[in-house]
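# Coordinates in review
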Amino acid sequence: MELFAEANYKILEKRKITTIVSLVLIFLGLVSIIFHNGLRLGIDFEGGTLMQLQFENQVEVSDVRSALQNVGHGNASIQQFGAPNEIIIRVLRLEEQEGIEASEEIKSSLSQYFPENPFEVRRLEQVGPKIGSELRGAAVLAILSALLGIVLYISIRFEFKFAIAAIIALIHDILITLGVFSVLNLEITLSIIAAFLTIVGYSLNDTIVVFDRVRENLKSLRREKYFNIVNLSINQSLSRTVVTSVTTFIVVFILWLGGGEVIQDFAFALIIGVVIGTYSSIYVASPVIVEWEARSEGKGRLAKKR
Amino acid sequence: MFKRLTPRLIIIVIAIAIAGILLYPSVRYETMSSQEKEQLRQEGQLADLESKIIRRGLDLQGGIHLVLEVDVPTLVYNIAKNKSQLFEDVFQSSKSQVSAEVRFLEVFENEADARELRLVRYFPDRGIQNSEIVSSLQDEANDAVRRALEIIRNRVDQFGVSEPTIQKVGNRRIIVELAGIEDPSRARDLIQTTALLEFKMLKTPEVTDATIRKIDQVLRRDKGELAEAISAEDTAGASEDTVITEGEVAEDEAVSVNQLFGDVEETDTADTEDSTVVVDKQVFEEKPFTAMLRNVQGQIGVPKKNKNAVERILKMKKVQEVIPPDAEFLWSAGTEILPTQGGGASEFHLLYLVNKEAGLTGGVVTDAQATLGGAGGQAAGQPVVYVDMNAAGSKTWSRLTGANIGRRVAIVLDNKIHMAPTIRSKISQGSTMIEGMANLEEAKDIAIVLRAGALPAPVDIIEERTVGPSLGSDSIQKGTTATIIGLILVLIFMAFYYKLSGLIADFALVLNLVFILAILAALHATLTLPGIAGLILTVGLSVDANVLIFDRIREELRKGKTVRAAIDSGYGNALRTIIDANVTTILAALVLMQFGTGPIKGFAVVLFWGIVSSMFTAIFVTRTVYQMFTENKTVQKLSI
């Protein structure tokens, strides 16, 4: 079986529509981030306490909230997590010792409130504000370093304009992923940042495969127009792009389905990343190169005329 | 690389063999039962085996991860002597400016210089200039962190956890990771407790009485009633019961704290418990403080409800002024529970007035053992801790007990009094017994911290991540299942899409997973839940290299090349692409390894080695397989 054997789709011609689609998606994401839900930072970045509790029997969130109100934490975020008898409690922005006291207070209040329903603390995370701000800084630094490294590498191996095209594609991917997270009000934790970096790596993977073809074809098909060369390159790599994306998608999807709740958001971020990353390699990175080349060709022709 | 087939085959076989050897310990460990592990432990070989396996991250086996930071301000405060008001001001102001970027000692030096505070008054023998002194304090702080590290290590060692991680990070922080902990709060307490042991003499009943009466007066005055002259004490010949009204809990009245204090400033806790205290009505008007106390077997007892109010009273400035300057009030570590009239039971905290200065401190402890008190002794059947002292300690203890026969000495641990026995005779053997623990486990923990030593400065827990064991095993199970299912699906897909070549790729894929795990074992790396996700991701990504190669081969075949030429050309062209494409993912993995901690680092390590390994299997191994098929025959058609 072979897909796209002699592919010759007019891919790049659709780029106006797809650019609009991309911009709309980014716009919606930004709207959500700025006006709607914002970006929900987890305790890793805000400081606070997170407790994942498994009760023997089902519990109602409202009852848990009453129990927490008794110890002054009625404002905590309480969510059902996976099963009806499992909940996650998040109390944000506490000082260090407060976090520990809070978790102990919450535990004793819940024991009193639900004497017939014992629970187990499956997971506890406490982050003081100091560490929180440090992690924020580290996350930003990590993403910036990665981007810098990428620009350098691609500039060396290909051309500077390829590097910029790649970066634009990456920013596009990250913005849309953040947008989805904001719309769905999902929490951004350290593992999500790790997922982002993975998306960065993976999306680039795709993009470079296309660039590689472009570079190769530029050498061997000097007579062709730039536009056609890029279009051809995309077509030639189409089979590979689709197959790799499908296989990666399969595995990440399985992870999301069955890997457990702890890893679910992480897997979800990867799913978005795989889809958007593939899309951006074809419909963001390539059009940028083409446009860029078109502009400089224009200048080049002008220069030659003189 | 090597062109000929035979060396290539040899390399591959050797690689597989090495992988097998590296993985064997992990396989053995995972399939061993607990009894077999126990047997190995007894033979002293368990640690050796454990050093060769792939470790499970805390999120997979359950455990506790703590980041501790040494409380430098408190350390400096404790070292300082003869603190004046100006010192206090400078200190508090410096402390409030501390943040992630701003270090305490820097601010402290600046503030001291700005307000012309000469530190030499408070920190003798460290130099004359403020800068010299601060530099010496800095050294002491660094040293304190090192000592704290050692002490915590000692404490944790005695806890008996396998492969604990205790590391210094930067100048002030310590990371502690303990796997398989059943009771995280016990571990937390064990690590964090300062464990300062002190022996302080109790003030005589007369002095204690007088102090309490003075407090009564202060409170009465503050309630706006007429000030009473401090009359001469009429305690001549009084029995020890003059402290509080005789046992009868006459008419208890619930009095609101507001009533007690008059105007009370805003309290920030929504404590409903605190708003009433229980007082003896008869005495309340005249002796408001006394009325909150009870006689509990000859000692000062404070009903549980009153504890916070009493604490607040004791902190009031005017009250502090009437407490003798060389004395302080300390609470008992536990509570007494006594039956009351009417059949219920009341819980009391005990309150003591002791010398501020300790006659003896825990530095002299050489050994501490927890056990149940022997039959016939004072504490028969109760948990006790026997403490041995060194020569200097024994001497001091002997002198102390000899000079104070008949008086009571308080055994204080972290400013809580465990017991206050009466000294019946001089103790010259340098050992003593501590009672008053709730259970044997608490006694054992106290013995552990006494043996390990007191922390030079308090440590704050600035980050904690605890995973219960049930979640750990759940996560492993789900992660493993997802990996296997994902793997199977991809294997099927590849076989379907690329036919026989797909099977070759499948073989490479499985080999890839084996290699990754072997590398992890060789590095004694930690596998975390994100790490398992990384494995799964690698399955998807490592397919990529093969896809690139195979698609090229197909293309070349379409162009009309012979099978062998197509294969060569395919590999040749794809190599460049593979490297370029994978480098970026490797870059991302490296960044994550650099900046990530714990679970995320685990993910990055797997991702990195996964890609490296996949390049090897895709390029080298599959090529070799093709070579095997095409070496000596002319293959007409390639199943691809």
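What counts, and at which threshold
- Residues numbered from 1 in each chain as written.
- Chains lettered and ligands numbered in written order.
- Predicted model: local features only at pLDDT ≥ 70, side-chain atom pairs only at ≥ 80, totals over all residues.
- Helix = DSSP H or I, 4+ residues; strand = E, 2+ residues; numbered from the N terminus.
- Buried ≥ 20, exposed ≤ 12 C-beta atoms within 10 Å, placed from the backbone.
- Contact = placed C-beta atoms within 7 Å.
- Nonpolar A, V, L, I, M, F, W, Y, C, P; charged D, E, K, R; others polar.
- Pairing = 2+ DSSP bridges.
- pLDDT = per-residue confidence, 0-100.
- Domains from an automatic or database assignment.
- Core = buried A, V, L, I, M, F, W, Y, C linked by C-beta atoms within 7 Å.
- Axes fitted to C-alpha atoms, helices over the stretch in contact; angles between N-to-C directions.
- Parallel < 35°, antiparallel > 145°, perpendicular 65-115°, else oblique.
- Left-handed = near helix turned anticlockwise from the far one by under 90°.
- Expected span 1.5 Å × (residues − 1).

### Side note on the overall build of chain B
Within chain B, the secondary structure is distributed over 20 helices and 19 strands. Looking at chain B as a whole, 41% of its 640 residues qualify as buried.

### Observations regarding the overall build of chain A
From N to C terminus, chain A includes 9 helices and 6 strands. Along the three orthogonal principal directions, the C-alpha set of chain A runs to about 85 × 45 × 30 Å. Expressed as a percentage of the 306 residues in chain A, the buried residues total 47%. Residue pairs at least 24 apart in sequence account for 79% of intrachain contacts in chain A once pairs closer than 6 positions are excluded.

### A word on the interface of chain A and chain B
Taken together, the contact between chain A and chain B spans 59 residues of the former and 59 residues of the latter. Sorting the residues of the side of chain A that touches chain B by element identifies helix H4 (96–113), strand E5 (119–127), helix H5 (129–157), helix H7 (190–220), helix H8 (226–258) and helix H9 (264–305) of chain A as the ones contributing at least two each. Here the residues of the side of chain A that touches chain B are counted per class, giving 30 nonpolar, 18 polar and 11 charged. Where E5(A) meets strand E18 (residues 459–467) of chain B, 5 bridges bridge the pair, whose relative direction is antiparallel.

### Some words on the confidence of the model for chain A
Averaged over every residue, the pLDDT of chain A is 83; the share at 70 or more is 93%. Mean pLDDT values over the elements of chain A span from 79, in H4(A), up to 89, in helix H6 (residues 160–183) of chain A.

### Observations concerning the pairing of strand E5 (residues 197–201) of chain B
Residues and elements named next belong to chain B. Counting buried positions along E5 yields 5 of 5 residues, so the element is predominantly enclosed. Neither face of E5 is exposed, since Leu 197, Phe 199 and Met 201 on one face and Glu 198 and Lys 200 on the opposite face are all buried. Of the pairings in the sheet, the one linking E5 to strand E12 (residues 360–361) comprises 2 bridges and is antiparallel in character. Bridge pairing in E12 places Glu 198 opposite Thr 361.

### A look at the domain arrangement of chain A
Accessible area lost during the coming together of the parts is what is often quoted as the interface size. Domain parsing of chain A yields domain 1 (12–41 + 132–305) and domain 2 (48–127). For domain 1 of chain A versus domain 2 of chain A, the distance between C-alpha centres works out to 39 Å.

### A short note on the environment of B:Thr630
Residue position: B:Thr630 is located in helix H20 (residues 598–630). Overall, the presence of 17 C-beta atoms within 10 Å leaves B:Thr630 in the partly exposed class.

### Points about the nonpolar core
Counting residues in each nonpolar core, the largest one holds 250 residues, and the members touching the most others are A:Leu197, B:Ala148, B:Tyr352, B:Ala410, B:Ala533 and B:Leu592. Among the elements that take part in this core, helix H17 (residues 469–522) of chain B stands out by supplying 19 residues, more than any other.

### Here we look at the sheet that holds strand E2 (residues 48–55) of chain A
Pairing is antiparallel across the open sheet formed by 8 strands, whose spatial order is E3(A)-E4(A)-E2(A)-E5(A)-E18(B)-E2(B)-E4(B)-E3(B). A single partner strand is all that each edge strand has here, and the edge strands are strand E3 (77–81) of chain A together with strand E3 (165–169) of chain B. With strand direction ignored, the average angle separating the axes of adjacent strands in the sheet is 20 degrees. As judged from the 8 bridges shared by E2(A) and E5(A), these two strands associate in the antiparallel manner. Residue pairing for E5(A): A:Leu50 is matched across the bridge by A:Glu125. Across the face of the sheet, H5(A) comes into contact with E5 of chain A together with strand E2 (63–70) and E18 of chain B while running at roughly 70 degrees to E18(B).

### Observations concerning the environment of B:Val459
Residues and elements named next belong to chain B. In this structure, Val 459 sits in strand E18. For Val 459, a count of 27 C-beta atoms within 10 Å translates into the label buried. Taking C-alpha positions, Val 459 is 9.7 Å from Arg 172, a pair spaced 287 residues apart along the chain.

### Here's the deal with the packing of H6(A) against H7(A)
All names here are of chain A. Running from N to C, H6 and H7 point in directions that differ by 140 degrees, and their axes come no closer than 10 Å. Relative to H7, the element H6 lies oblique. When the axes of H6 and H7 are compared, the crossing they make is right-handed. Together, Phe 162, Ala 166, Ala 169, Leu 170, Asp 173, Ile 174 and Thr 177 of H6 and Phe 196, Ile 199, Val 200, Ser 203, Leu 204, Thr 207 and Phe 211 of H7 make up the contact between the two elements. Split into classes, the residues belonging to the contact of H6 with H7 amount to 10 nonpolar, 3 polar and 1 charged.

### Let's talk about the sheet that holds strand E13 (residues 365–372) of chain B
All names here are of chain B. Spatially, 3 strands are ordered E13-E14-E17 in an open sheet, and the strand pairing comes out antiparallel. The open sheet has two free edges, formed respectively by E13 and strand E17 (431–434), since each of these has just one partner strand. With strand direction ignored, the average angle separating the axes of adjacent strands in the sheet is 20 degrees. Here strand E14 (residues 383–389) pairs with E17 via 4 bridges, running antiparallel. Pairing of Tyr 386 across the sheet is with Met 433, part of E17. Contacting E13 and E14, helix H16 (residues 440–452) runs over the sheet at an angle of about 170 degrees to E13.

### Digging into the pairing of E2(A)
All names here are of chain A. A large share of E2 lies buried, amounting to 7 of its 8 residues. As paired elements, E2 and strand E4 (residues 83–92) share 7 bridges and run antiparallel to each other. Looking at the pairing, Leu 50 lines up with Arg 90 of E4.

### Some details on the domain arrangement of chain B
Segmentation of chain B into domains returns domain 1 (63–194 + 459–467) and domain 2 (468–630). Each of domain 1 of chain B and domain 2 of chain B has a C-alpha centre, and these two points are 47 Å apart.

### Observations regarding unusual backbone geometry
Generally, phi is negative for residues other than glycine and the peptide bonds are trans, each holding for most cases. Residues and elements named next belong to chain B. One non-glycine residue with positive phi stands out, namely Asn 415, at about 65 degrees. Non-glycine residue His 524 carries a positive phi angle of around 50 degrees. If you trace the backbone, His 524 turns up in the loop between H17 and strand E19 (526–527).

### Let's talk about the packing of helix H1 (residues 5–31) of chain B against H17(B)
Residue and element names in this part refer to chain B. Packing of H1 against H17 brings their axes to within 8 Å, and their N-to-C directions diverge by 65 degrees. As judged from the angle between their axes, H1 and H17 are roughly perpendicular. Crossing angle aside, the handedness with which H1 passes H17 is left-handed. From H1, Ala 19, Leu 22, Leu 23, Pro 25 and Ser 26 reach across to H17, where they touch Val 514, Phe 515, Leu 517, Ala 518, Ala 521 and Ala 522. Split by residue class, the contact of H1 with H17 holds 10 nonpolar, 1 polar and no charged.

### A short note on the environment of B:Leu523
Relative to the assigned elements, B:Leu523 resides in the loop between H17 and E19. The sequence separation of B:Leu523 and B:Ile53 amounts to 470 residues, and the corresponding C-alpha distance is 8.9 Å.

### So, the confidence of the model for chain B
All names here are of chain B. On average, residues of chain B score 78 in pLDDT, and 87% of them reach the 70 mark or higher. The secondary structure element of chain B with the lowest average pLDDT is helix H11 (residues 257–261), at 47, and the one with the highest is strand E4 (residues 173–179), at 89. Across residues 224–251, where pLDDT falls below 50, the model places 37 contacts with residues more than four positions away in sequence or in other chains. Interface predicted TM-score (ipTM) for the complex: 0.82; the corresponding pTM is 0.75.

### Looking at helix H8 (residues 130–159) of chain B
All names here are of chain B. Here H8 contains 30 residues, and its C-alpha end-to-end distance of 42 Å stays within 8% of the 44 Å for a straight helix at 1.5 Å per residue. Every buried residue belonging to H8 is among Ile 133, Val 134, Leu 137, Glu 140, Ala 141, Ala 144, Val 145, Ala 148, Ile 151, Ile 152, Arg 155 and Val 156, and all of these are buried. The positive-phi residue at the C-terminal boundary of H8 is Gly 160, with phi of around 75 degrees.

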